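Survey of secondary and tertiary structure
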Amino acid sequence: MAEAADFPGMTPSPARRWLRRTGALLAGAPLLAGLLQLPAAPAQAAAQTSAKEASDAGTVAVTVDSLSPAAPTDGDTLTVSGTVTNNGKQAVTDAHVGLQVGSALTTRSAIDSAAKRADALSGNDGSEVGGKYVAEFAKLTPGVSEHFSISVPVDKLDLDDDGVYPLGVSLAGETSAQPWEQVLGVQRTFLPWQPEEADTPTRTTVLWPLVSTVHMSAETGSNAQQTPVFLNDDLAKELSPGGRLEQLLSLGKELDVTWVIDPDLLASVDAMTGSYRVRGEGDTTTAGTHQAVAKQWLDDLQEAVLGKEVVALPFADPDLASLAHNGTGVAGSLSQLKAATDVAATTVETVLHVTPNTDFAWPVDGAVDPSIVKVATSAGADKVIARSDSLTENGDLTYTPSAARPIGGGTTAVVADARLSTAFKGDLTKASTSTLAVQEFLAQSLALNLQTGKQRSAVVAPQRMPTTSQARSLAEAVSTLQSGTWSQSQQLAAAAKAKPDPGATTKVPSRSAYPSSLRKQELPRSAFEQIAYTQDKLDNFKVILANEARVVTPFGRAMNREMSTSWRGRSTAASSFRQGVQAYLDTLTGQVKLIDKSETKLSGRSATIPVTVQNNLVQGVDHLVLRLTSKNPTRLEISDEAYAEQRVTVSGGHTTTVKFTTSAKVNGQTTVVAQLYTEDGQKYGEEVAFDVRVTEITATVMLVIGGGVLLLVLAGFRMYTQRKRAAAREAEETDETDETDETEEDGESGAEGEDGADEAGEPADGPENAGDRENRPEKESGRRAGAADPEQPSDETPDTAVESADPSGTGERVDR
């Protein structure tokens, strides 16, 4: 009506002008919104694509649990088995599962694209085989799974030329909401078709890795056998029937593969065949009990590798990338790699009785850069196992080149095919995922062969430690490949020697191109610094040991294990292991030490200071020097030099005391330091400091002591003379008594009466007689006092023995 009212030459009314403006604004709003939101268009498109892919998945899940044979030939019957599960809310009726074969895929990238849309409803799957080669279901209840199996002769699949064909397994049916037949779920896989022998089969090398995590600690028993101590009992689980390593061995011995072995695994299993212990809670250990399992596994491995190619990795499989990026700046790190390489061949020969190839280095996931190549070849290897997603092709080749590539410096890169090597990653515990992985592997292998009629070599380098399910899937694929028509087996050494393609890339990618996801898992620089510290302490320790091999060997292998690739993604466990090695070495070195001393007191100008060295090790120690240093030589001098030294040798489980002669100059206290050194001048253990109090004896003190001794001698001499005089007087009195008795006997007629008078009428004890006794001749006095007068039988034994007049001898005592 507004348009009919507008005539030429007439001015619109205000109401009409308002309507026009409003309409223009409304009409331009969508265009303006589109202009404002233009940058968001890709995101919206991606969201719509994701939604479309989600809707393409269908409401019924179809899984292919088995496809046999995996690579059919003329006359075979293909059997496809699996399950269908109704994930929708409505029942599906009049359903059936059928097979569709699409057009052959001509490139490897086309196979990649098809694998990414394996369950999308839309796709060029070709026409259904149909007929009796379907599995029918009257009704599929929501949430319920149904099994199906379809067998169809290969000649019914209309397979023409050699190639890789997409095989669709789809379910069609009706629902109450959509009562017409439609595809409700699909699962695509690949059907390799090469019925005749290929003119130029691909020479394929399959690496079969026997690698595990670190299981042994640095600790060993103190007995002669040095009983090893394991971190846990996980290795026994891997070796037991059904375990990962047992499955790898059982599967690998049926295949024509190159065994890639970590010598540390062999050493650990070999240690389990004898007496061993397993670490428990705290510092406790328990006796290991899986000797029979370990022995059986080793026996089976020895049989499996007979006549096969064996490649030995450096001991404990060192992380070459971590070493190249974080360890080369730490002194001694490359020496650790050299030691791990040197011991590898010896270990394999000792345990397996075969001579391994040690010319190959294998960085993690085959990712390389110049620093990794340099480190990998520094220990003697001249071949590096790389991967094609690292050493990518950037030339004009229309096919996958052979594995061998010269990369300069006499080094050969053996480039493993990335698609084949990564086909069995992820969770393959379900039969459906395993089947898809096997078929994709075979499809990629056939597509590689069909690229050109030129003879080439291909290498398959799977992950280092495949799970049990991954190993089974890989073994199934390799078994089919080796019995197929387009591939033949080849050893790794032969692949490395094959003539390289002239157009293949030989340029190693730069360090910046190394995958960041792998770099995040590397051992840090601090790990290599700790290893270097442990090595320095071990070097300082071993020089004093009578039998250094008991310590050097287990600790050397433990430090190799500290650099293991198996620590990737396990940084906490790696740090704990390194600390455990360091702590145990500290414990051993601490068994040889100085005994603490308390304050020592010295009297006199010279004295001896004893210092005790204790050795609690089982073996003896030698080449040690004990140095004693006085902090104040002006007060206490130990030698003419600043210190005194003596060599020390101590038997196992014993102590020895070393004595130092000192000279005191001034009274007072000083500090003395005792320190052990190795013969090359390196400090060993902790020093022991103690105080020495010096009391020097002065001349005044000596004079006082001498005077006291003299007084004691004089007092003794005085007592001696007094006793001698008393004894003489006693003897004289005895003689007078004897004379009186004789006089009385001879002069009985002249005897007095009771008065006691003699013949002359004088008393016997009168004064005159006393005077006569004093004035008797010396001879008579001497005779009477002599000690030679015979004793009479009736004489009494004297109370005090007769004393000599000679001076008393040394040590004698003068009796009072």
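For the structure itself, consult the block above.
Criteria and thresholds
Along each chain, numbering runs from 1 in the same order as the chain's sequence is written. In keeping with the model being predicted, local features are shown solely for residues with a pLDDT of at least 70 and side-chain atom pairs are shown and tallied solely at 80 or more, while totals for entire chains, interfaces and linings include all residues. To get the side-chain values, take all heavy atoms of the structure and skip hydrogens and water. Numbered from the N terminus, helices here are DSSP runs of H or I no shorter than four residues, and strands are runs of E no shorter than two. Using a 1.4 Å probe on the protein chains alone, a residue whose accessible area is under 20% of its type maximum counts as buried, one over 50% counts as exposed, and one in between counts as partly exposed. Every residue pair with non-hydrogen atoms within 4.5 Å of one another is taken to be in contact. Accessible surface area values rest on a Shrake-Rupley calculation with a 1.4 Å probe, where residue burial reflects the displayed protein chains alone. Exposure above 30% relative accessible area and the absence of a salt bridge qualify a residue for a patch, where like charges join within 9 Å and nonpolar side chains (Val, Leu, Ile, Met, Phe, Trp, Tyr) within 5 Å. Salt bridges are counted wherever a side-chain nitrogen of Lys or Arg sits within 4 Å of a carboxyl oxygen of Asp or Glu. Whether two strands pair depends on DSSP finding at least two bridges between them. Think of each axis as a best-fit line through the C-alpha atoms, taken over the contacting stretch in the case of a helix, with angles from 0 to 180 degrees between the N-to-C directions. Given the number of residues in a helix, its expected span is that number minus one, multiplied by 1.5 Å. For Phe, Tyr and Trp, where Trp contributes only its six-membered ring, two rings pair if their centres lie within 6.5 Å, and the inter-plane angle classes them as stacked under 30 degrees, edge-to-face over 60, or tilted in between. Definition used: whenever NZ (Lys) or CZ (Arg) falls within 6 Å of the ring centre and also within 35 degrees of the ring normal, the charge is taken to sit over that ring. Joining through side-chain atoms within 4.5 Å is the link that ties buried Ala, Val, Leu, Ile, Met, Phe, Trp, Tyr and Cys residues into a set, and such a set is a nonpolar core. For classification purposes, angles smaller than 35 degrees are called roughly parallel, those larger than 145 roughly antiparallel, those between 65 and 115 roughly perpendicular, and all remaining angles oblique. When residue character is reported, Ala, Val, Leu, Ile, Met, Phe, Trp, Tyr, Cys and Pro are called nonpolar, Asp, Glu, Lys and Arg charged, and the others, Gly included, polar. The handedness criterion is simple: a crossing whose near helix is rotated anticlockwise from the far helix by less than a right angle is left-handed, and one whose near helix is rotated clockwise is right-handed.

**Observations regarding the overall build of the chain**
Broken down by element type, the chain carries 22 helices and 29 strands. Per-residue burial over the chain gives 43% buried out of 816 residues. For the chain, restricting intrachain contacts to residue pairs at least 6 apart in sequence, the fraction spanning at least 24 positions comes to 77%. As displayed, the chain offers around 42300 Å² of accessible surface, 51% of which is attributable to carbon and sulfur atoms.

**So, a nonpolar patch on the surface**
A surface patch of nonpolar side chains, about 410 Å² in accessible area, is lined by L710, L711, V713 and L714. Among the secondary structure elements, V713 is positioned in helix α20 (residues 699-746). Relative accessible area serves as the criterion here: at 52%, V713 is assigned to the exposed category.

**Thoughts on the sheet that holds strand β13 (residues 285-287)**
As summarised here, the arrangement of the four strands in space is β9-β10-β12-β13, forming an open sheet in which the pairing is mixed. Each edge of the sheet is formed by a strand with only one pairing partner; in this case those strands are β9 (216-220) and β13. Within the sheet, the average angular offset between the axes of one strand and its neighbour, ignoring direction, is 35°. Where β9 and strand β10 (residues 228-230) come together, two bridges link them in antiparallel fashion. Residue pairing for β10: T220 is matched across the bridge by P228. Contacts from helix α7 (residues 263-272) reach β9 and β10 within the one sheet, and its direction differs from that of β10 by about 110°.

**Quick look at helix α13 (residues 431-450)**
An ideal rise of 1.5 Å per residue puts 28 Å on 20 residues; α13 measures up with 29 Å between its terminal C-alpha atoms. Here α13 lies mainly inside the structure; 15 of its 20 residues are buried.

**Description of the packing of aromatic side chains**
As enumerated under the stated definition, the model contains five aromatic pairs in all. Here F230 and Y276 contribute two aromatic rings whose centre-to-centre distance is 5.2 Å and whose plane-to-plane angle is 65°, an arrangement assigned as edge-to-face. With F230 in strand β10 and Y276 in the loop between α7 and β12 (277-279), this pair connects stretches of sequence that are 46 residues apart. Assigned by exposure class, F230 and Y276 land together as buried. Each ring, one from W567 and one from F577, has its centre 5.5 Å from the other, and the planes form 35°; the classification is tilted. Of this pair, W567 sits in the loop between α18 (549-562) and α19 (571-589) while F577 sits in helix α19; the two residues are ten residues apart in sequence, bridging distant segments of the chain. Per residue, the accessibility class of W567 equals that of F577, and both read buried. Here the basic side chain of R464 rests over the ring of W362, its NZ or CZ set 4.4 Å away from the ring centre. Between the NZ or CZ atom of R627 and the centre of the ring of Y677, over which it lies, the distance is 4.1 Å.

**Some points on α7**
With eight of ten residues buried, α7 is to be regarded as a mostly interior element. Regarding α7, the residues found buried are P263, D264, L265, L266, S268, V269, A271 and M272.

**Side note on the nonpolar core**
F541, F555, L626 and L628 are the most contacted members of the largest nonpolar core, which totals 76 residues. Apart from residues lying up to four places away in sequence, L626 is in contact with L594, V611, V613, A644, E645, Q646, V648, V658, F660, A674, Q675 and L676. The next biggest cluster of nonpolar side chains, apart from the first, holds 61 residues, and it includes L105, W259, V438 and L442.

**Topic: the sheet that holds strand β18 (residues 411-416)**
Taken in spatial order, the four strands line up as β15-β16-β18-β17 in an open sheet, and their pairing is mixed. Here the strands that pair on one side only, and so sit at the sheet edges, are β15 (360-361) and β17 (404-408). Sheet analysis places strand β16 (residues 383-387) next to β18, joined by five bridges and oriented parallel. Residue I385 lies in a different strand from β18, and its bridge partner there is V414.

**Points about the environment of T204**
In this structure, T204 sits in strand β8 (residues 202-210). Linking T204 and L492, residues 288 residues apart in sequence, is a C-alpha distance of 9.0 Å. When neighbours within four sequence positions are excluded, T204 is seen to be in contact with A458, V460, L481, S487, Q488, S489 and Q490.

**Things to note about unusual backbone geometry**
Of note, the amide linkage connecting S68 to P69 takes the cis form, showing an omega dihedral of -5°. Secondary-structure assignment places P69 in the loop between β1 (60-68) and β2 (77-86). Unusually for a residue other than glycine, D158 sits at a positive phi of about 55°. Following the sequence through the fold, D158 ends up in the loop between β5 (145-153) and β6 (163-174). The class of D158 is exposed, set by a relative accessible area of 60%.

**Side note on the packing of helix α17 (residues 525-542) against α18**
Following both chains from N to C, one finds α17 and α18 inclined at 175°, their axes separated by 11 Å at the closest point. Considering the angle they form, α17 stands roughly antiparallel to α18. Listed contacts from α18 to I531, T534, Q535, L538, F541 and K542 of α17 are V551, V552, F555, M559 and E562. Classifying every residue of the contact of α17 with α18 gives seven nonpolar, two polar and two charged.

**Quick look at the pattern of salt bridges**
Within the structure shown, the criterion is met by 25 salt bridges. Residue D234 is joined to K237 by a salt bridge in which the shortest nitrogen-to-oxygen separation is 4.0 Å. Taken together, the residues span about one helical turn, with D234 and K237 both in helix α5 (residues 234-239) at a distance of three residues. When the shortest N-O distance is used, the salt bridge between R464 and D317 registers 2.6 Å. On the criterion of sequence distance, the pair formed by R464 in the loop between β19 (457-460) and α14 (468-482) and D317 in the loop between β14 (310-312) and α9 (320-327) is long-range, its members being 147 residues apart.

**Things to note about the packing of α9 against helix α11 (residues 370-378)**
As a packed pair, α9 and α11 sit with axes 8 Å apart at the nearest point and diverge in direction by 110°. Here α9 lies roughly perpendicular to α11, going by the angle between them. Seen along the crossing, α9 lies across α11 with a hand that is right-handed. Contacts between α9 and α11 pair L320, A321, L323, A324 and H325 from the former with S371, I372, V375 and A376 from the latter.

In short, geometric facts, not functional conclusions.
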